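Summary of the model geometry
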Amino acid sequence: MRIEENRSDEKVKVSNESKRKRRKKKMLPVQKLYKTCKEVFASCGPDIVPSPEKIQTLAAVLDKMTQADVGLMPDMPFFDSKQAPIITYLHLHECDKFSIGIFCLPPLSVIPLHNHPQMTVFSKLLFGTMHIKSYDWVATTDEGDVVPDDVAPVANPSNSYPDGLRLAKLKVNSEFTAPCSPSILYPTDGGNMHCFTAKTACAVLDVLGPPYCDAEGRHCQYYFDHPLANFPVDGVPVPEEEKDGYAWLQEREKPEDLVLLAAPYNGPKII
Ligand SMILES: [Fe+2]
């Protein structure tokens with residue numbers, strides 16, 4: 001009799017253990033994303049990039065995420081072509097270390113060229129086809145070599161040009177169709193200034209570390225990009241045959257035709 005009781009206790013223990021394991025396995029993808037972001041950005045801040053291992057960890061979590069994990073379907077009204085050019089932003093989370101949100105783009109809508117000062121940004125295309133064009137700043141060394149740089153032009157006279165122009169190197173100029181790996185940009189590399197053009201309806205899950213913060217100087221700045229030939233300037237340190245890989249960037253006000261609307265996120269909750 002006693003042996004049977006013990007066996008029964010053991011069964012209860014095994015049963016509880018397997019339930020616990022099942023619960024652990026059942027962590028929702030969006031919850032896993034939040035938990036991973038907390039770990040990855042814990043010791044980061046402005047201009048402080050997560051370690052390569054941590055970048056890899058977060059990229060792997062994002063890589064597995066789908067539209068269903070955030071409760072989205074391409075036939076939702078956000079993505080209707082009649083909605084264009086209105087882009088909807090679904091806010092999932094923001095703290096001083098990172099933010100998580102989703103841009104819902106109807107076909108042909110555009111998020112114009114803008115920057116991500118001092119940030120590391122992960123963008124995961126959940127569905128659809130999107131064209132990404134991105135740039136990094138360029139500066140010159142004392143030897144005249146072209147190097148990426150985050151130093152303001154006034155601090156680097158060789159990179160100061162008339163009309164508020166600043167030299168940038170083209171990083172990406174391609175179409176992406178989901179499913180594809182997340183794209184990652186860094187404070188001074190990876191295409192810190194980018195422009196998204198929706199070729200079809202699409203949704204982009206964005207993780208920013210740290211988030212924009214006007215009070216801390218992380219303001220979202222918009223830019224025009226001009227071919228180098230439009231503004232001939234002496235002493236531009238770019239060989240003639242490589243000029244297509246560079247552009248002048250010029251600050252602009254937020255475009256009037258850009259309509260970014262916030263809407264409630266109704267997918268699985270982050271706890
Ligand atoms: Fe962006």
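Residues numbered from 1 in each chain as written. Predicted model: local features only at pLDDT ≥ 70, side-chain atom pairs only at ≥ 80, totals over all residues.

An unreviewed UniProt entry annotates the protein chain as cysteine dioxygenase originating from Abeliophyllum distichum. Regarding the protein chain, the UniProt comment filed under Cofactor (unreviewed entry) reads as follows: "Fe(2+)". (UniProt positions renumbered as here; feature names shortened; annotations may be inferred.)

**Thoughts on the overall build of the protein chain**
Across its full length, the protein chain holds three helices and 13 strands. Out of the 271 residues in the protein chain, the part that is buried amounts to 32%. By sequence separation, contacts in the protein chain at least 24 residues apart represent 78% of the contacts at least 6 residues apart. (Helix = DSSP H or I, 4+ residues; strand = E, 2+ residues; numbered from the N terminus. Buried ≥ 20, exposed ≤ 12 C-beta atoms within 10 Å, placed from the backbone. Contact = placed C-beta atoms within 7 Å.)

**Comments concerning the nonpolar core**
Counting residues in each nonpolar core, the largest one holds 61 residues, and the members touching the most others are Cys37, Ile102, Cys104, Ala168, Cys202, Ala203 and Val204. With sequence-adjacent residues up to four places away left out, Cys37 is seen in contact with Leu58, Phe98, Ile100 and Val207. (Core = buried A, V, L, I, M, F, W, Y, C linked by C-beta atoms within 7 Å.)

**Some remarks on helix H3 (residues 52-63)**
The end-to-end C-alpha distance of H3, which contains twelve residues, comes to 16 Å, matching closely the 16 Å that a straight helix rising 1.5 Å per residue would cover. For H3, the full list of buried residues reads Leu58, Val61 and Leu62. Summarising the axial view, the buried residues of H3 lie within an arc of 100°, below the 170-degree limit, and thus occupy one face. Turned more than 90 degrees away from the buried face of H3 sit Pro52, Glu53 and Ala60, all of them exposed. Those residues of H3 that are buried are in contact with helix H2 (29-40), strand E4 (120-127) and strand E10 (202-209). (Expected span 1.5 Å × (residues − 1). Arc of directions from axis to C-beta.)

**Quick look at unusual backbone geometry**
Cis rather than trans, the peptide bond between Ala84 and Pro85 has omega equal to 5°. In this fold, Pro85 is placed in the loop between H3 and strand E1 (87-94). A cis geometry characterises the amide bond from Ala178 onward to Pro179, with omega recorded as 0°. At Leu108, a position not held by glycine, the phi torsion is positive, near 70°.

**Observations concerning the sheet that holds E10**
Pairing is mixed across the open sheet formed by six strands, whose spatial order is E8-E4-E10-E2-E1-E13. In this open sheet, the two strands that pair with only one neighbour each are strand E8 (183-185) and strand E13 (260-263). Taken pair by pair, the neighbouring strands of this sheet meet at an average axis angle of 25°, ignoring direction. As paired strands, E1 and strand E2 (residues 99-105) are joined by six bridges and run antiparallel to one another. (Pairing = 2+ DSSP bridges. Axes fitted to C-alpha atoms, helices over the stretch in contact; angles between N-to-C directions.)

**Looking at the environment of Lys124**
Mapped onto the elements, Lys124 comes out in strand E4. A count of 25 C-beta atoms within 10 Å places Lys124 in the buried class. As a C-alpha pair, Lys124 and Asp63 span 61 residues in sequence and 7.1 Å in three-dimensional space. In contact with Lys124, other than residues within four places in its own chain, are Leu62, Met65, Pro182, Val204 and Leu205.

**Overview of H2**
Helix length check: H2 (twelve residues) gives 16 Å between terminal C-alpha atoms against 16 Å at 1.5 Å per residue, within 8%. Inspection of H2 places Val30, Leu33, Tyr34, Cys37 and Val40 among the buried residues, and these make up the whole buried set. In a view along the axis of H2, the buried residues occupy a sector of 135°, so they form one face of it. Buried residues in H2 make contact with H3, E1, E2 and E10.

**Remarks on the pairing of strand E12 (residues 246-252)**
Bridging between strand E7 (residues 165-177) and E12 involves five bridges; their strand directions are antiparallel. Considered in E12, the bridge of Ala168 is made with Ala247. Here five bridges tie strand E11 (residues 222-226) to E12, and the two strands are oriented antiparallel to one another. For His226, the partnering residue across the bridge sits in E12 and is Trp248.

**Describing the pairing of strand E9 (residues 193-198)**
In terms of residue burial, E9 counts as a mostly covered element, since five of its six residues are buried. The pairing of strand E3 (residues 110-114) with E9 spans three bridges and is classified as antiparallel. Each residue of the ladder has a partner; that of Val110, found in E9, is Thr197.

**Concerning the environment of His194**
Within the secondary structure, His194 is located in strand E9. Under the C-beta neighbour-count criterion, His194 is labelled buried, with 22 such atoms within 10 Å. Between the C-alpha atom of His194 and that of His114, which follows or precedes it by 80 residues, the distance is 5.7 Å. Those residues in contact with His194 that lie beyond four places of it in its chain are Leu113, Ile132, Lys133, Ser134 and Leu185.

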